[in-house]
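What follows is the residue order along each chain.
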Amino acid sequence: MQVSGYKILISILLVAGLSIAGFHRQGPEPLHIDYPAYFGNRTFIPDDNPTTVEGVALGRRLFYEKRLSVSRQMSCGTCHRQELAFTDGKVFSEGADGSLQPRNTMSLVNLLWVRNFFWDGRVAGLEMQAAVPLTNAHEMGQSLAVSAALLSGEPVYRSLFSKAFGTDSMTGEGIVKALSQFERTLVSANAPYDQYLRGDYQPTVAELNGISLFYGNPDAARNVRGAGCAHCHGGPKTYIELYHNNGLDSIPANPGRELVSGQSYDRGRFRVVSLRNIALTAPYMHDGRFKTLEEVLSHYNEHIKLSKTLSPFLQGVGNSNALDGLTLGLTDSEKKDLLAFMHMLTDPTFISDKRFSDPFQD
Amino acid sequence: MNIFRSVIVLSFQLAFIVSAYAQTGPGIKISGEVTKPLTLSIEDLAKMKRSTAVLTDRDGKPHNYQGVALQELLEQAGVTMGKQLRGEQLTKYLMVKCADGYEVLFSLAELDSSFTDRVVILADKLENGPLPDGKGPFRLVVPGEKKPARSSFQVVEMVIRYAKD
């Protein structure tokens, strides 16, 4: 009888203990980032920085925190504005010291699928990327140690940091990890093109022809029209991690990826960007030389400059709509159709989503 | 003494900077599930057993490419080919990485002469001349495929891994 009572007591304690453990999760809550199956699961999240609800909340605040810049006037959100799909509309953004950046500010969209960052892919992983603009003297210009010390003085940050990383002593590493977690949640997947892929939207005739041209390769012998865009921008994400010389100059002013690899065959090669929200992210190219998408289309159609490192997919044979043609050879009407498709990639939800907005404005 | 030390430190730094920026010749790196990680130059390839493969290019005409069979390269790096390619080794794949970021995949059995007569080569010559700009110095030639999408250009790295899912 005594033994049985003992057993009952143990059982009660066990059940109570398990219930408490169940209700009081240890550490931050894992965050599931939602995206369509057609984006695929080739995502990149480092083992030492899983995405969590608390980490993303901290990262969102840090993204818009102006005290992370030496001038106290700039946050990440200064050059990466949500309403412009996280670009700033400028050819070159101005740093905290007033100097202009050497390359155009990139949009922040669907970074979960990106392995290497910047126009030349010189940095692996978002965590490594985030540290660069924060500390570069010509960007935000403040060391991570100074930023961490500065924010540690605030109870709100100590609390957010503690919830995200289990310690209230802020570190530079924690700052870049939280920022990266937030940036991984910037998924754009509700543009009219997504609605079409889900079967919820019937595209116009122009949009349908634009889609067909975008994915199709020109084959003049068989009278098949195409723009061959999908070689490099292919798939529903309109993104593959590639670096190409897209014929902007016969002698590239900026060596691009050659500076990373040290190989001359990489001269003038730059990242092939995602076309998601592309209508919002003017001006275009690494040097912001094109103000409109019409200019971009005109470049690919009529103004490709030859050089030794020009992408094979932008050269004459096999890439023209005319037999033995040396240029792409789309008609004005076809260019308008492609433009209609590109506008299908603008996601109104993405640029108004409160989860991505400035919490200091709430 | 301090000045002397500074000069030495400075010259070391300069040497480092110069070597970091100096261009080294292109090479092919073979890594992953290998017993001998390799980086091979054009000269190294020239000394190996040579093979020829025919590929119909986008001009619609067949062309002769010369280079080294992938099986030969993988065996040099100690990859489980031939008699060793059995059991769990058949869950291995080769990921081919190109300078522009393009990647394509093969299962090892696709590249092994005990499974197939098709010989995939890493070509460094086209009709015994250099490969054209934008495609060389090394490209893959995969004969007998309807699409040329795996005959990738400017190969820089080959990684062997186990598929684990």
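As the structure is a computational prediction, the values presented were derived from the model and not from experiment.

**Considerations on the overall build of chain A**
Consideration 1: Within chain A one finds 14 helices and four strands.
Consideration 2: Seen through its principal axes, chain A has C-alpha atoms that stretch 95 × 55 × 40 Å.
Consideration 3: Pairs at least 24 residues apart make up 67% of the contacts formed inside chain A by residues separated by at least 6 positions.

**With respect to the overall build of chain B**
Consideration 1: Scanning chain B from terminus to terminus reveals three helices and ten strands.
Consideration 2: Moving toward the C terminus, one meets the helices and strands of chain B in the order α-β-β-α-β-β-α-β-β-β-β-β-β.
Consideration 3: Each of the 165 residues in chain B was classed as buried or not, and the buried ones make up 30%.
Consideration 4: A fraction of 56% describes how many contacts in chain B between residues 6 or more apart in sequence connect residues 24 or more apart.

**Topic: the UniProt feature "domain: Cytochrome c" (unreviewed entry) in chain A**
Consideration 1: Taken from the UniProt record, the annotation "domain: Cytochrome c" (unreviewed entry) applies to residues 205-346 of chain A.
Consideration 2: Helix makes up 29% of residues 205-346 of chain A and strand makes up 3%, while its end C-alpha atoms are separated by 18 Å.

**Brief notes about the sheet that holds strand S2 (residues 38-40) of chain B**
Residue and element names in this part refer to chain B.
Consideration 1: Reading across the sheet, the five strands line up as S2-S1-S10-S5-S6 and stay open at both edges, with mixed pairing between neighbours. Edge strands, defined here as strands with exactly one partner in the open sheet, are S2 and strand S6 (103-107). Averaged over all pairs of adjacent strands, the angle between their axes in this sheet comes to 15 degrees, without regard to strand direction.
Consideration 2: In terms of strand pairing, strand S1 (residues 28-32) meets strand S10 (residues 155-162) through four bridges, oriented parallel. Note on S10: the bridge partner recorded for Lys29 is Glu157.

**Things to note about the UniProt feature "domain: Oxidoreductase molybdopterin-binding" (unreviewed entry) in chain B**
Consideration 1: Following the UniProt record, the feature "domain: Oxidoreductase molybdopterin-binding" (unreviewed entry) maps to residues 64-144 of chain B here.
Consideration 2: Secondary structure across residues 64-144 of chain B divides into 9% helix and 36% strand, with the first and last C-alpha atoms of the span separated by 13 Å.

**Notes on the domain arrangement of chain A**
Residue and element names in this part refer to chain A.
Consideration 1: Here chain A is described as being made up of domain 1 (37-188 + 350-361) and domain 2 (192-346).
Consideration 2: Taken over C-alpha atoms, the centre of domain 1 sits 29 Å from the centre of domain 2.
Consideration 3: Contact with domain 1, which involves 24 residues of that partner, is made by 23 residues of domain 2.
Consideration 4: Here the residues of the side of domain 1 that touches domain 2 sort into twelve nonpolar, eight polar and four charged.

**Some details on the packing of helix H9 (residues 205-215) of chain A against helix H13 (residues 332-343) of chain A**
Residues and elements named next belong to chain A.
Consideration 1: Running from amino to carboxyl end, H9 crosses H13 at an angle of 95 degrees, the nearest separation of the two axes being 7 Å. Judged by the inter-axis angle, H9 sits roughly perpendicular to H13. Contact with H9, carried on its side by Ala206, Glu207, Asn209, Gly210, Ile211, Leu213 and Phe214, involves Glu334, Lys336, Asp337, Leu338, Ala340 and Phe341 of H13 and no other residues of that element.
Consideration 2: Looking at the contact of H9 with H13, its residues break down into seven nonpolar, two polar and four charged.

**Examining the UniProt feature "binding site: heme c 1" (unreviewed entry) in chain A**
Residues and elements named next belong to chain A.
Consideration 1: According to UniProt, the positions carrying the feature "binding site: heme c 1" (unreviewed entry) are Cys76, Cys79 and His80.
Consideration 2: Residue position: Cys76 is located in helix H3 (residues 76-79).
Consideration 3: For Cys76, a count of 24 C-beta atoms within 10 Å corresponds to the buried category.
Consideration 4: Residue contacts for Cys76: discarding those within four places in its chain leaves Phe63 and Leu179.
Consideration 5: Examined against the element boundaries, Cys79 turns out to sit in helix H3.

**A short note on the packing of helix H2 (residues 53-63) of chain A against helix H7 (residues 172-184) of chain A**
Residues and elements named next belong to chain A.
Consideration 1: The N-to-C vectors of H2 and H7 enclose an angle of 100 degrees; their axes lie 7 Å apart at closest approach. The angle between H2 and H7 places the two elements in the roughly perpendicular class. On the side of H2, the interface is formed by Gly55, Val56, Leu58, Gly59, Arg60, Leu62 and Phe63, while H7 contributes Ile175, Lys177, Ala178, Leu179, Gln181 and Phe182.

**Focus on helix H12 (residues 293-302) of chain A**
Residues and elements named next belong to chain A.
Consideration 1: For H12, the full list of buried residues reads Val296, Leu297 and Tyr300. Considered in projection along H12, the buried side chains sweep an arc of 95 degrees and stay on one side of the axis. Exposed residues on H12 whose side chains face more than 90 degrees from its buried face are Glu294 and Glu302.
Consideration 2: Turning to H12, the residues buried within the fold contact H13.

**Let's talk about the nonpolar core**
Soluble globular proteins tend to pack their nonpolar side chains together in the buried interior.
Consideration 1: Among the nonpolar cores identified, the biggest contains 39 residues, and Leu58, Leu62, Phe161, Ala178, Leu179 and Leu186 of chain A are the most heavily contacted of them.
Consideration 2: Those elements that place two or more of their residues in this core are H2, helix H4 (126-135), helix H6 (155-165) and H7 of chain A.
Consideration 3: Apart from residues lying up to four places away in sequence, Leu186 of chain A is in contact with Phe86, Leu108, Val109, Leu111 and Phe356 of chain A.
Consideration 4: Among the nonpolar cores identified, the runner-up in size contains 35 residues, and Ala99, Leu108, Ile121 and Val155 of chain B belong to it.

**Focus: the environment of Ser152 of chain B**
Residue and element names in this part refer to chain B.
Consideration 1: Relative to the elements of secondary structure, Ser152 occurs in the loop between strand S9 (139-141) and S10.
Consideration 2: A tally of 21 C-beta atoms within 10 Å means that Ser152 is categorised as buried.
Consideration 3: With 124 residues separating them in the primary sequence, Ser152 and Ile28 have C-alpha atoms 14 Å apart.
Consideration 4: For Ser152, the residues in contact, after removing those within four places along its chain, are Val96, Cys98, Tyr102, Val104, Arg139 and Leu140.

What counts, and where the lines are drawn
- Residues numbered from 1 in each chain as written.
- Chains lettered and ligands numbered in written order.
- Predicted model: local features only at pLDDT ≥ 70, side-chain atom pairs only at ≥ 80, totals over all residues.
- Helix = DSSP H or I, 4+ residues; strand = E, 2+ residues; numbered from the N terminus.
- Contact = placed C-beta atoms within 7 Å.
- Buried ≥ 20, exposed ≤ 12 C-beta atoms within 10 Å, placed from the backbone.
- UniProt positions renumbered as here; feature names shortened; annotations may be inferred.
- Pairing = 2+ DSSP bridges.
- Axes fitted to C-alpha atoms, helices over the stretch in contact; angles between N-to-C directions.
- Domains from an automatic or database assignment.
- Nonpolar A, V, L, I, M, F, W, Y, C, P; charged D, E, K, R; others polar.
- Parallel < 35°, antiparallel > 145°, perpendicular 65-115°, else oblique.
- Arc of directions from axis to C-beta.
- Core = buried A, V, L, I, M, F, W, Y, C linked by C-beta atoms within 7 Å.

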